[in-house]
Amino acid sequence: DTAVSQTPKYLVTQMGNDKSIKCEQNLGHDTMYWYKQDSKKFLKIMFSYNNKELIINETVPNRFSPKSPDKAHLNLHINSLELGDSAVYFCASSRRGTPQEQFFGPGTRLTVL
Amino acid sequence: DQQVKQNSPSLSVQEGRISILNCDYTNSMFDYFLWYKKYPAEGPTFLISISSIKDKNEDGRFTVFLNKSAKHLSLHIVPSQPGDSAVYFCAAENSGNTPLVFGKGTRLSVIA
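What counts and how
- Note that residues are indexed from 1 along each chain, following the sequence as it is written.
- Here every chain gets a letter starting at A, and every ligand a number starting at 1, in the order they are written.
- A pLDDT threshold of at least 70 governs which residues receive local features in this predicted model, and a stricter bar of 80 or more applies before side-chain atom pairs are shown or counted, although totals over entire chains, interfaces and linings include all residues.
- Excluded from the side-chain calculations are hydrogens and water; all other atoms, namely the structure's heavy atoms, are used.
- When checking whether two residues touch, look at their non-hydrogen atoms; a contact exists if any pair is within 4.5 Å.
- Note on terms: buried area is the combined drop in 1.4 Å-probe accessible area of two parts once they are placed together, counting the loss on both.
- Put simply, a salt bridge is a Lys or Arg side-chain nitrogen that is within 4 Å of an Asp or Glu carboxyl oxygen.
- Only protein chains enter the accessibility calculation, which uses a 1.4 Å probe; a residue whose area is less than 20% of its type maximum is buried, one above 50% is exposed, and one in between is partly exposed.
- A run of DSSP states H or I qualifies as a helix once it reaches four residues; a run of E qualifies as a strand once it reaches two. Both are numbered from the N-terminal end.
- The rule for pairing is simple: two strands pair if DSSP sees at least two bridges between them.
- Fitted lines through C-alpha atoms serve as axes, helices being fitted only where they are in contact, and the angles separating the N-to-C directions of these axes extend from 0 to 180 degrees.

Chemist: Lay out the interface of chain B and chain A with the relevant residues and their values.
Modeler: Counting residues at the interface gives 20 residues for chain B, matched by 19 residues for chain A. Between chain B and chain A, roughly 1600 Å² of surface is buried when both sides are summed, and carbon and sulfur atoms account for 63% of that area. Ranking the residues of chain B by area buried against chain A places B:Pro99, B:Phe102 and B:Lys104 at the top, with a combined share of 30%. Inspection of the chain B/chain A interface yields zero salt bridges.

Okay, structure coming up:
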């Protein structure tokens, strides 16, 4: 059983398009995250949701909008895609509190042409 | 501003020998440190952690050492096995107040 799953695994699209990446966790965790790993390999947090409520929103363009229909799902919508959005996006989840031993999904490689 | 630095992008070690991966941090408010391991085409997986009140934590072949005065931690893997070949990320947090901050990772290759 996959603990944290993401779809799609690969996404190739044109500049200006709108796309979504879905994430689901079956661990019963109440906190979920989106990370971006750019070409320099830095893994940076974008958003964090706790029980469907946004608790962290790092400096991310407002073209990126997370949506959490329930605490097992955290989807990422990206509008007006730009070349610089090309990266690997990871979803993760954890139990609330410390330590933040997060469980990561396999990643979605987004390529914007 | 890199708060967590892994200055060695890669490391090669012979099977059976010790692998030492290093990590430095700049934020003295960090009080919890973690190591994640990542295989190609997979997400990072949690490996081992250490609280700032300790200087050592051991789990099987993996030991993490923390030197708070030097703001340095290291991950020791002994003996190294080919299956340990992966990218290792160091991460740090200020308990519950900040999100995890990751280093750039070190690619470990264990040669049989």
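Chemist: Any chance you could break down the pairing of strand 9 (residues 87–94) of chain A for me, citing the residues and the numbers?
Modeler: All names here are of chain A. Among the eight residues of strand 9, eight are classified as buried, and the element is accordingly described as predominantly covered. The two faces of strand 9 match: Ala87, Tyr89, Cys91 and Ser93 on one face and Val88, Phe90, Ala92 and Ser94 on the other face are all buried. Sheet topology note: the strand 9/strand 10 (residues 103–104) ladder contains two bridges and is antiparallel. The partner of Ser93 across the bridge, within strand 10, is Phe103.

Chemist: For the sheet that holds strand 3 (residues 19–25) of chain A, give the residues involved together with the corresponding values.
Modeler: Strands pair in a sheet through their backbones, by hydrogen bonds, and they do so in one of two ways: parallel or antiparallel. Residue and element names in this part refer to chain A. An order of 1-3-8-7 is seen for the four strands of this open sheet, with the pairing classed as antiparallel. In this open sheet, the two strands that pair with only one neighbour each are strand 1 (4–7) and strand 7 (64–70). Averaged over all pairs of adjacent strands, the angle between their axes in this sheet comes to 20 degrees, without regard to strand direction.

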